Amino acid sequence: MKIDELNLIDPIQKALKAEGYTKPTPIQEMAIPRLLEGYDLLGCAQTGTGKTAAFAIPILQRLSYEQRGTQEKRQIKALIVAPTRELAIQIGESFRVYGANLTLKTLVIFGGVSQHAQTEALAQGIDILVATPGRLLDLIKQRFISLKLVKYFVLDEADMMLDMGMITDVKKIITYLPKERQTMCFSATMPDEIAKITNAILKNPVKIQITPVASTVDIIKQEVY
């Protein structure tokens, strides 16, 4: 399959071609059509499989349709929660690259820095918010952020959040979201705690499992001392 067979709008196709994209990765090929149809998705995939584009491209396309003809102030319609500052920045950059020919606004927020620039950008209005859990909850409590209009929610690297002790924060964030939304959850592994969360927040999801790029070689015997 080629990128131009994914039924993407011209502005996104042009942006992808400018970045040298010609063929989707397996997760993109399986996920993008189903997400464009509005299904929830559970992806078991590691970093390096192309999952950011798999969820970013459908979100950008669906938001671009909804944006047409409206003069309302920008409100947060898509929320992507990631465990680390570095990953959040990377996801935010991907949204900007794939949406280069659209008029949608993306903001990345994380802790460890002053919130002033972040709150100023929020006040001006944004469409897509990429956030780490702690700073997101902090700004919700300060009433700088409302999630009541979110239509697309992505939980990325869920098992890493479990390892980093962020799952309680994630559960709190979910309580601020509308019940009617499209939800996408990605995790490299599926421990019991993550399985419970995904079962609770996903509705009849499409399930995709991708073998990691750096799979171990079966013929090598490995031991841990």
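Here's a quick rundown of the structure. (Residues numbered from 1 in each chain as written. Predicted model: local features only at pLDDT ≥ 70, side-chain atom pairs only at ≥ 80, totals over all residues. Heavy atoms only, no water.)

This brings us to the pairing of strand β3 (residues 106-109). When a strand is regular, its side chains alternate between the sheet's two faces. The alternating pattern of β3 places Thr106 and Val108 on one face and Leu107 and Ile109 on the opposite face, and all of these are buried. As a crossover connection, the stretch from β3 through helix α5 (residues 116-124) into strand β4 (residues 128-131) is right-handed. (Buried < 20%, exposed > 50% of the residue type's maximum accessible area, 1.4 Å probe, protein only. Helix = DSSP H or I, 4+ residues; strand = E, 2+ residues; numbered from the N terminus. Right-handed = clockwise from strand over helix to strand, strands pointing away.)

Let's shift gears to the pattern of salt bridges. Two side chains with opposite charge may pair up if their charged atoms get near one another. Inspection of the entire model under this criterion finds eight salt bridges. The partner of Lys171 in a salt bridge is Glu193, and the shortest N-O contact between them spans 2.7 Å. Of this pair, Lys171 sits in helix α8 (residues 167-175) while Glu193 sits in helix α9 (residues 192-201); the two residues are 22 residues apart in sequence, bridging distant segments of the chain. Each of Lys51, Asp156 and Glu157 takes part in salt bridges that share partners, so that together they form one network. (Salt bridge = Lys/Arg side-chain N within 4 Å of Asp/Glu carboxyl O.)

On inspection of all chains with the given rule, the structure shows three aromatic pairs. Between Tyr21 and Tyr98, the aromatic rings sit 5.8 Å apart at their centres with planes inclined by 90°, giving edge-to-face as the arrangement. Of the two residues, Tyr21 sits in the loop between α1 (10-18) and α2 (26-36) while Tyr98 sits in helix α4 (residues 85-98), which places them 77 residues apart along the sequence. A relative accessible area of 25% means that Tyr21 is categorised as partly exposed. A relative accessible area of 5% places Tyr98 in the buried class. Pairing Phe55 with Phe186 gives two aromatic rings, centres 5.5 Å apart and planes at 45°, and the pair type is tilted. Linking Phe55 in helix α3 (residues 51-67) with Phe186 in strand β6 (residues 182-187), this pair joins segments that are 131 residues apart in sequence. (Phe/Tyr/Trp six-rings, centres within 6.5 Å; stacked < 30°, edge-to-face > 60°.)

With that settled, consider the state of the cysteines. Scanning the model with the defined rule gives zero disulfides in all. Left unpaired, Cys44 is separated from the closest cysteine sulfur, that of Cys185, by 9.5 Å. Looking at Cys185, the relative accessible area reads 0%, which means it is buried. (Disulfide = S-S within 2.5 Å.)

Counting 41 residues, the largest nonpolar core has Phe55, Ile59, Phe95 and Met184 as the members making the most contacts within it. In terms of residue count, α3 provides more of this core than any other element does, eight residues in total. Discounting residues that sit within four places of it in the chain, Phe95 has contacts with Phe55, Ala56, Ile59, Leu60, Ile80, Thr106 and Ile128. Core analysis: the second largest hydrophobic core is formed by 32 residues, Ile76, Met161, Leu177 and Leu202 among them. (Core = buried A, V, L, I, M, F, W, Y, C linked by side-chain atoms within 4.5 Å. Contact = heavy atoms within 4.5 Å.)

Strand order in the open sheet formed by seven strands is β3-β4-β2-β5-β6-β1-β7, and the pairing between neighbours is parallel. Every other strand in the sheet has two partners, leaving β3 and β7 (206-209) as the edge strands with one partner each. Between one strand and the next, the sheet's axes are offset by a mean angle of 10°, whatever the strand orientation. Pairing analysis gives four bridges linking strand β1 (residues 41-44) to β7, with the strands arranged parallel. When the bridges of β7 are listed, Cys44 appears paired with Gln209. Contacts from α3 reach β2 (78-81), β4, β5 (152-155) and β6, with the element oriented near 170° to β5. The strands touched by α9 are β1, β5 and β6; relative to β6, the strand with the most contacts, the crossing angle is about 165°. (Pairing = 2+ DSSP bridges. Axes fitted to C-alpha atoms, helices over the stretch in contact; angles between N-to-C directions.)

This part covers the side chain of Thr49. Within the secondary structure, Thr49 is located in the loop between β1 and α3. Side-chain polar atoms of Thr49 contact the backbone oxygen of Gln46, separated by 2.7 Å. (Polar contact = N/O pair within 3.5 Å; in protein donor to acceptor, adjacent residues only side chain to side chain.)

Along the chain, Glu157 falls in the loop between β5 and α7 (158-163). Since its relative accessible area comes to 4%, Glu157 is described here as buried. Setting aside residues no more than four positions away along its own chain, Glu157 makes contact with Thr47, Lys51, Pro83, Leu87 and Phe186.

A word on the packing of α3 against α4. Following both chains from N to C, one finds α3 and α4 inclined at 50°, their axes separated by 10 Å at the closest point. Comparing the axis directions of α3 and α4 gives the class oblique. Relative to α4, α3 is oriented so that their crossing is right-handed. Contacts from Thr52, Ala53, Phe55, Ala56, Ile57, Ile59 and Leu60 of α3 reach α4 at Ile91, Ser94, Phe95 and Tyr98. (Parallel < 35°, antiparallel > 145°, perpendicular 65-115°, else oblique. Left-handed = near helix turned anticlockwise from the far one by under 90°.)

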